Amino acid sequence: MSAPPAPAPSLRLRRFLTGRPPQPERCGLCAGPVDDAHHPHLVDTEKRALVCACASCSLLMEQPGDRAGRFRAVPDRYLTDPHHRLDDSVWESLQIPVGVAFFFRNAALDRLVALYPSPAGATESELEPAAWTTALRGSRLAELLEPDVEALLLRRTDDGCACYLVPIDICYELVGRMRLLWQGFDGGAEARAALDAFFETVGQRARPLPEEIRP
């Protein structure tokens, strides 16, 4: 089973782990400097890892689908489809032990990979990929998903289950944040507050799917 891409650790996390100031970020292709706080990412499809990139190298790697090579630029689109919601019975069938999950299509394996945040990091669901396909049947967001570089991000609350199409790097940003803040069995108040803030930002950035490309 192929391992998911590893998240790029934040500056604060690297400083905590190493005990010394981190080196400035560099582009993983040309080794040029990049902005520590805001820079594009690439997916290394061979190593299943995220790579920091400068703007120029990111533009060079912007090839959709199977036309891309080893490195693929992570897009910056956020979409939502207000007309498609998962009901509680469908969510229960997914057997996800927490209220958040995301999945992406692994181009090399030609299947969906489902993960969720946990104290140990990104944990892969053991559910058969076909179950995810069945659950998301009828979702135009699933059909628009770019392999390897985008994810469908799901969150279950008392109001139902929301679904967003997002860049895959923010999913690993969320995983890293939850791992850093997680306390106790349910994550704790600080982790829940961070989760609420994260999804508030995603909701603000997500554009409703245009009528003309809805099923």
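Model, not experiment: these values are computed from the prediction.

(A) Structural context of the overall build of the protein. When helices and strands are tallied, the protein shows seven helices and 10 strands. Counting contacts in the protein only where the partners sit at least 6 residues apart, residues at least 24 apart contribute 61% of the total. Counting only carbon and sulfur atoms, one obtains 52% of the accessible surface of the protein, whose full area is about 11700 Å².

(B) Here's a closer look at the packing of helix α6 (residues 168-181) against helix α7 (residues 188-205). Running from N to C, α6 and α7 cross one another at 165°; their axes reach a closest spacing of 9 Å. As judged from the angle between their axes, α6 and α7 are roughly antiparallel. Crossing geometry of α6 relative to α7 is assigned as right-handed. Residues Ile170, Leu174, Arg177, Met178 and Leu181 of α6 touch α7, and the partners they reach there are Glu190, Ala191, Ala194, Leu195, Phe198, Phe199 and Val202. Residues of the contact of α6 with α7, tallied by class, amount to 10 nonpolar, no polar and two charged.

(C) Quick look at the sheet that holds strand β1 (residues 41-44). Read across the open sheet, the three strands follow the order β2-β1-β3; overall the sheet is antiparallel. Each edge of the open sheet is held by one strand with a lone partner, namely β2 (49-52) and β3 (71-73). The average undirected angle you get between the axes of adjacent strands in this sheet is 35°. Alignment of β1 against β2, held across four bridges, turns out to be antiparallel. Following the sheet pairing, Asp44 is matched in β2 by Ala49.

(D) The arrangement of the pairing of strand β7 (residues 121-124) in detail. The pairing of strand β6 (residues 111-118) with β7 spans four bridges and is antiparallel. Residue pairing in the sheet places Leu115 in a bridge with Glu124 of β7. Taking the residues between adjacent antiparallel strands as the criterion, β6 and β7 are bridged by two residues.

(E) Molecular detail of the state of the cysteines. In total, this model carries zero disulfides according to the counting rule given. The cysteine Cys30 is free of any disulfide, with Cys27 supplying the nearest cysteine sulfur at 3.8 Å. A disulfide-free cysteine, Cys57 has its sulfur positioned 3.6 Å from the sulfur of Cys54, the nearest such atom.

(F) Focus on the nonpolar core. Counting residues in hydrophobic clusters, the biggest one holds 31 residues, and the most contacted among them are Phe102, Leu153, Val166, Ile168, Leu174 and Phe199. Secondary structure elements with two or more residues in this core: β5 (100-106), β6, β8 (150-157), β9 (160-167), α6 and α7. Top contributing element to this core by residue count: α6, with eight residues. Ile168 has contacts with Val43, Leu50, Val74, Phe104, Asp148, Val149, Glu150 and Ala151, leaving out every residue within four places of it along the chain. With 23 residues, the next largest nonpolar core counts Leu94, Ala135, Cys163 and Leu165 among its residues.

(G) Quick peek at the pattern of salt bridges. A complete count under the given rule lists 12 salt bridges for this structure. Put simply, Asp148 and Arg48 hold a salt bridge, and the shortest N to O gap is 3.2 Å. Residue Asp148 is located in the loop between α5 (140-144) and β8, and its partner Arg48 is located in the loop between β1 and β2; the two are separated by 100 residues in the primary sequence. Accessibility expressed as a relative area gives 3% for Asp148, which makes it buried. Relative accessible area serves as the criterion here: at 7%, Arg48 is assigned to the buried category. Put simply, Glu124 and Arg111 hold a salt bridge, and the shortest N to O gap is 3.7 Å. Here Glu124, found in strand β7, pairs with Arg111, found in strand β6; they are 13 residues apart in sequence, far enough to count as distant.

Calculation criteria
Residues numbered from 1 in each chain as written. Predicted model: local features only at pLDDT ≥ 70, side-chain atom pairs only at ≥ 80, totals over all residues. Heavy atoms only, no water. Helix = DSSP H or I, 4+ residues; strand = E, 2+ residues; numbered from the N terminus. Contact = heavy atoms within 4.5 Å. Areas by Shrake-Rupley, 256 points an atom, 1.4 Å probe, with all protein chains shown as cover. Axes fitted to C-alpha atoms, helices over the stretch in contact; angles between N-to-C directions. Parallel < 35°, antiparallel > 145°, perpendicular 65-115°, else oblique. Left-handed = near helix turned anticlockwise from the far one by under 90°. Nonpolar A, V, L, I, M, F, W, Y, C, P; charged D, E, K, R; others polar. Pairing = 2+ DSSP bridges. Disulfide = S-S within 2.5 Å. Core = buried A, V, L, I, M, F, W, Y, C linked by side-chain atoms within 4.5 Å. Buried < 20%, exposed > 50% of the residue type's maximum accessible area, 1.4 Å probe, protein only. Salt bridge = Lys/Arg side-chain N within 4 Å of Asp/Glu carboxyl O.

Scope: geometric values only; no functional claims are made or implied.
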